[in-house]
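Residues per chain, in single letters:
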Amino acid sequence: MTREVKESFDPGRGLGGTPPAPAALAAKVRTLAPSMTRSMQRVAEAVAKDPAGCAALTVTGLAELTGTSEATVVRTARLLGYPGYRDLRLALAGLAAQQQSGRAPAITTDIAVDDPIADVVTKLAYDEQQTLADTAAGLDTVQLGAAVTALAAARRTDVYGVGASGLVAQDLTQKLLRIGLIAHAHSDPHLAVTNAVQLRAGDVAIAITHSGSTGDVIEPLRVAFEHGATTVAITGRPDGPVTQYADHVLTTSTARESELRPAAMSSRTSQLLVVDCLFVGVAQRTYDTAAPALSASYEALAHRHRHRR
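A brief look at the structure comes next. (Residues numbered from 1 in each chain as written. Predicted model: local features only at pLDDT ≥ 70, side-chain atom pairs only at ≥ 80, totals over all residues. Heavy atoms only, no water.)

**Considering the side chain of His186**
With respect to the helices and strands, the residue His186 is situated in strand 2 (residues 183-186). Look at His186 and you get buried, because its relative accessible area is 12%. In terms of polar contacts, His186 uses its side chain to reach the side chain of Asp158, at 3.4 Å. Aside from chain neighbours lying at most four places away, what touches His186 is Asp158, Val159, Tyr160, Gly161, Leu191, Ala192 and Asn195. (Helix = DSSP H or I, 4+ residues; strand = E, 2+ residues; numbered from the N terminus. Buried < 20%, exposed > 50% of the residue type's maximum accessible area, 1.4 Å probe, protein only. Polar contact = N/O pair within 3.5 Å; in protein donor to acceptor, adjacent residues only side chain to side chain. Contact = heavy atoms within 4.5 Å.)

Quick look at the structure:
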């Protein structure tokens, strides 16, 4: 028996039913702006650029400032996860207070072709740190906990990803295997669907896609969903098509895309953070069996890492 496909995800409801904390607002704007209409982008960019100034504005004032309508302002607030504009203003005030706490200014310059290697290191390190901070701030721990619970009890876990996301899928399955769980990573879309058909209630299927619209990943997740497996989406687009077939959605952030650093590179960092959170959570839940399995895997491989004369 198959389940009904969920309605398109409404970011205004929030994944956990509560508005994001002020610290997560800037991350939300960066994550969702690419999928917004141009008028909503103007509102989002305004609140991210000047939270203190926007916090002092009424809904009419912000609409006039951005050349939009009051309805657009309210829709933007809801897309960012707030019930209404009043809640967004409170978050803006909190964000403004944090920005005035004396933190160092952000590094915002993209990497240039003629940048010295020392500058490349500095800029990449900053972008990585910001990406991880944004992902942590925006990660819904209720959804994360539910996904951990499902993984810890799963008979089998299938993970789907292609390209850079495929590498992250392999990383997660290797971690799960090390603690004695049955897990498979699938990057071939045909094999992924073939295996998804075998899933049922008690199994877990995870789709990793930054864009949220990768067909080769969505298709096996849909099949797994329809066959009763618990489904999880790790994505940078919580309003993307993949979420229609996901019981649990874990949102990632990404650094600014540039000519020398495409989204596939920066999204991998945040995906790996989410994967690590899943793994540690599962290891905690299954500690009595996970710890011996992990020790056994260390011992089995130890001789391969000893120096041979």
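**Examining the packing of helix 4 (residues 59-66) against helix 5 (residues 70-79)**
Helix 5 packs onto helix 4 with a crossing angle of 100° between their chain directions and a minimal axis gap of 8 Å. One finds that helix 4 runs roughly perpendicular with respect to helix 5. Facing helix 4, whose interface residues are Val59, Thr60, Leu62 and Ala63, helix 5 presents Glu70, Val73 and Val74. In the contact of helix 4 with helix 5, the residues fall into 5 nonpolar, 1 polar and 1 charged. (Axes fitted to C-alpha atoms, helices over the stretch in contact; angles between N-to-C directions. Parallel < 35°, antiparallel > 145°, perpendicular 65-115°, else oblique. Nonpolar A, V, L, I, M, F, W, Y, C, P; charged D, E, K, R; others polar.)

**Concerning the packing of helix 2 (residues 38-49) against helix 5**
Packing of helix 2 against helix 5 leaves a shortest axis separation of 9 Å and a crossing angle of 70°. Comparing their axes, helix 5 and helix 2 come out roughly perpendicular. On helix 5, the residues touching Ser39, Met40, Val43 and Ala44 of helix 2 are Thr72, Val73, Arg75, Thr76 and Leu79. For the contact of helix 2 with helix 5, the per-class residue count stands at 5 nonpolar, 3 polar and 1 charged.

**A few points about the packing of aromatic side chains**
Two aromatic rings, taken as a pair, are described by how far apart their centres are and by the angle between their planes. What the rule picks out here adds up to 1 aromatic pair. Their ring planes at 70° and their centres at 6.1 Å tell us that Phe225 and Tyr245 sit as a pair that is edge-to-face. Of the two residues, Phe225 sits in helix 11 (residues 215-226) while Tyr245 sits in the loop between strand 4 (230-235) and strand 5 (248-251), which places them 20 residues apart along the sequence. With respect to class, Phe225 is no different from Tyr245; both count as buried. (Phe/Tyr/Trp six-rings, centres within 6.5 Å; stacked < 30°, edge-to-face > 60°.)

**What to know about the sheet that holds strand 4**
The strand order across the open sheet built from 5 strands is 2-1-3-4-5, with neighbouring strands paired in parallel fashion. Whereas interior strands pair on both sides, the edge strands pair on one side only; in this sheet they are strand 2 and strand 5. In this sheet, adjacent strand axes meet at a mean angle of 15° when their direction is disregarded. Here helix 8 (residues 141-153) sits on the sheet and contacts strand 1 (157-160), strand 3 (204-209), strand 4 and strand 5; the angle it forms with strand 5, its principal contact strand, is near 125°. In the packing of helix 9 (residues 164-178) onto the sheet, contacts are made with strand 1, strand 2 and strand 3, and the angle to strand 2 comes to roughly 170°. (Pairing = 2+ DSSP bridges.)

**A word on helix 11**
Look at helix 11: 16 Å from first C-alpha to last across 12 residues, which is about the 16 Å you get at 1.5 Å a residue. Looking at the buried residues of helix 11, the elements they touch are strand 1, helix 10 (189-196), strand 3 and strand 4. The first or second residue beyond helix 11 is Gly228, which carries a positive phi of 95°. (Expected span 1.5 Å × (residues − 1).)

**Observations regarding the pairing of strand 1**
Of the two faces of strand 1, both are covered, the one formed by Thr157 and Val159 as well as the one formed by Asp158 and Tyr160. Where the polypeptide runs from strand 1 across helix 9 and back to strand 2, its parallel neighbour, the crossover connection is right-handed. In the sheet, strand 1 pairs with strand 3 via 4 bridges, with the strands oriented parallel. Bridging from a neighbouring strand, Thr157 pairs with Val204 of strand 3. (Right-handed = clockwise from strand over helix to strand, strands pointing away.)

**Describing helix 4**
Buried residues of helix 4: Gly61, Leu62, Ala63 and Thr66, and no others. Just past helix 4, the residue Gly67 takes up positive phi, approximately 65°.

**Examining the nonpolar core**
With 28 residues, the main nonpolar core has Ile206, Ile234, Leu250 and Leu278 as its most contacted residues. The set of elements that each furnish at least two residues to this core consists of helix 8, helix 9, strand 3, strand 4 and helix 12 (263-285). Ranked by the residues each element gives to this core, the list is headed by helix 12, at 6 residues. If sequence neighbours within four positions are ignored, Leu278 has contacts with Leu144, Ala147, Val148, Leu151, Ile234 and Leu250. Leu25, Ala77, Leu88 and Ala91 belong to the second-largest nonpolar core, a separate cluster that totals 23 residues. (Core = buried A, V, L, I, M, F, W, Y, C linked by side-chain atoms within 4.5 Å.)

**A word on the pattern of salt bridges**
The tally for this structure, following the rule as stated, stands at 8 salt bridges. Glu45 is paired through a salt bridge with Arg38; the nearest N and O atoms lie 3.9 Å apart. A relative accessible area of 40% means that Glu45 is categorised as partly exposed. Note that Asp276 and Lys175 form a salt bridge whose closest N and O atoms lie 3.3 Å from each other. One end of the pair, Asp276, is in helix 12; the other, Lys175, is in helix 9, and 101 residues separate them in sequence. On the basis of relative accessibility, which here comes to 33%, the residue Asp276 falls in the partly exposed class. Judged by relative accessible area, which is 19%, Lys175 ranks as buried. Salt bridges here are not isolated pairs; linked through shared partners, they connect Asp171, Lys175 and Asp276. (Salt bridge = Lys/Arg side-chain N within 4 Å of Asp/Glu carboxyl O.)

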